[in-house]
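Fold and geometry: a report
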Amino acid sequence: VTEEPPPILTSDPEYVRALLFHARDDPLELVADTAANRRKGWRRIVLLFNFFIPGATQADIGLKPLLALDPTFELGWGGWQPFTWRAASEEASFARYSANGRPTLLPIIQIILNRGVADGS
């Protein structure tokens, strides 16, 4: 994983929309389509879908995110955003996970492979 989103995500308008959706800091924010925002969205997608609720977020699983929904929000999902990102830890977490583009084993696979190593099973 590198800092730059894969070309397939930047060449299709629907994928660019997904990058921008995840680059938002506020539920109904419309972020500009810039290289920096595409990278920010990519970083968040990588962390979110590899760690489910990464430590770089503050989750809000109550009603507040649902009450903020706007069905007309142009990026979709009514602007749903059940967590906020902590900018400094988001960037540090991505840097650790991406390891400058070196191959990375998904965390769940690491857990499975390391299971029982200490006790010899």
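Everything discussed here concerns the structure shown above.
To start, this report covers the structure provided alongside it. All figures in this text were calculated on a predicted structure; none of them were measured in a lab. (Residues numbered from 1 in each chain as written. Predicted model: local features only at pLDDT ≥ 70, side-chain atom pairs only at ≥ 80, totals over all residues. Heavy atoms only, no water.)

What to know about the overall build of the chain
Note the following rule: Strands are runs of DSSP state E lasting at least 2 residues, helices are runs of H or I lasting at least 4, and numbering of each runs from the N terminus. Accessible area is worked out with a 1.4 Å probe on protein chains only. A residue is then buried under 20% of its type maximum, exposed over 50%, and partly exposed in between. Contacts are assigned to residue pairs with any non-hydrogen atoms lying within 4.5 Å of each other.
Check the secondary structure of the chain and you find six helices and two strands. Each helix and strand of the chain, placed in order from N terminus to C terminus, yields the pattern α-α-α-β-α-β-α-α. In terms of principal-axis extent, the alpha carbons of the chain reach across some 55 × 35 × 25 Å. By residue count, 36% of the 121 residues in the chain fall in the buried class. For the chain, the proportion of contacts with a sequence separation of at least 24, taken over those separated by at least 6, is 64%.

Notes on the nonpolar core
Condition: Nine residue types can take part in a nonpolar core, namely buried Ala, Val, Leu, Ile, Met, Phe, Trp, Tyr and Cys, and a core is a set of them joined through side-chain atoms within 4.5 Å.
Listed in full, the 12 residues of the largest apolar core are Leu-9, Leu-19, Trp-42, Ile-45, Val-46, Leu-47, Leu-48, Ala-56, Phe-83, Trp-85, Phe-94 and Tyr-97. Going through the elements one at a time, α3 (35–51), β2 (83–85) and α5 (87–98) are the ones with two or more residues in this core. Among the elements that take part in this core, α3 stands out by supplying five residues, more than any other. For Val-46, the contacting residues outside a window of four places in its chain are Val-1, Phe-94 and Tyr-97.

Some words on α5
Rules: Multiplying one less than the number of residues by 1.5 Å gives the expected span of a helix.
Its 12 residues place the ends of α5 16 Å apart at the C-alpha level, agreeing with the 16 Å of an ideal helix rising 1.5 Å per residue. Within two residues after α5, Ala-99 carries a phi angle of roughly 50°, on the positive side.

Re the packing of aromatic side chains
Here is the rule we go by: Each Phe, Tyr or Trp ring, with Trp reduced to its six-membered ring, pairs with another whose centre is within 6.5 Å; inter-plane angles below 30 degrees give stacked pairs, above 60 give edge-to-face pairs, and intermediate values give tilted ones. Geometrically, a lysine NZ or arginine CZ counts as sitting over a ring once it is within 6 Å of the ring centre and also within 35 degrees of the ring normal.
Following the criterion strictly, the structure yields one aromatic pair and no others. Their ring planes at 25° and their centres at 6.2 Å tell us that Trp-77 and Trp-80 sit as a pair that is stacked. Overall, Trp-80 belongs to the partly exposed group, its relative accessible area being 36%. Cation over ring: Arg-24 sits above Phe-21, and NZ or CZ is 3.9 Å from the ring centre.

Some points on the packing of α3 against α5
What counts is decided by this rule: Working convention: axes come from line fits to C-alpha atoms, limited for helices to the stretch in contact. Angles between N-to-C directions cover 0 to 180 degrees. Here roughly perpendicular refers to angles of 65 to 115 degrees, roughly parallel to angles under 35, roughly antiparallel to angles over 145, and oblique to all remaining angles. For any helix crossing, the convention is left-handed if the near helix is rotated counterclockwise from the far helix by under a right angle, and right-handed if that rotation is clockwise. Side-chain classes are defined by residue name, with Ala, Val, Leu, Ile, Met, Phe, Trp, Tyr, Cys and Pro counting as nonpolar, Asp, Glu, Lys and Arg as charged, and the others, Gly among them, as polar.
Between α3 and α5, the shortest axis-to-axis distance is 10 Å and the interhelical angle comes to 70°. By the criterion of interaxial angle, the relationship of α3 to α5 is roughly perpendicular. In the crossing of α3 with α5, the sense of the turn from one axis to the other is left-handed. Within the contact between the two elements, α3 uses Lys-40, Trp-42, Arg-43, Arg-44, Val-46, Leu-47, Asn-50 and Phe-51 and α5 uses Glu-90, Glu-91, Ser-93, Phe-94 and Tyr-97. Classifying every residue of the contact of α3 with α5 gives six nonpolar, two polar and five charged.

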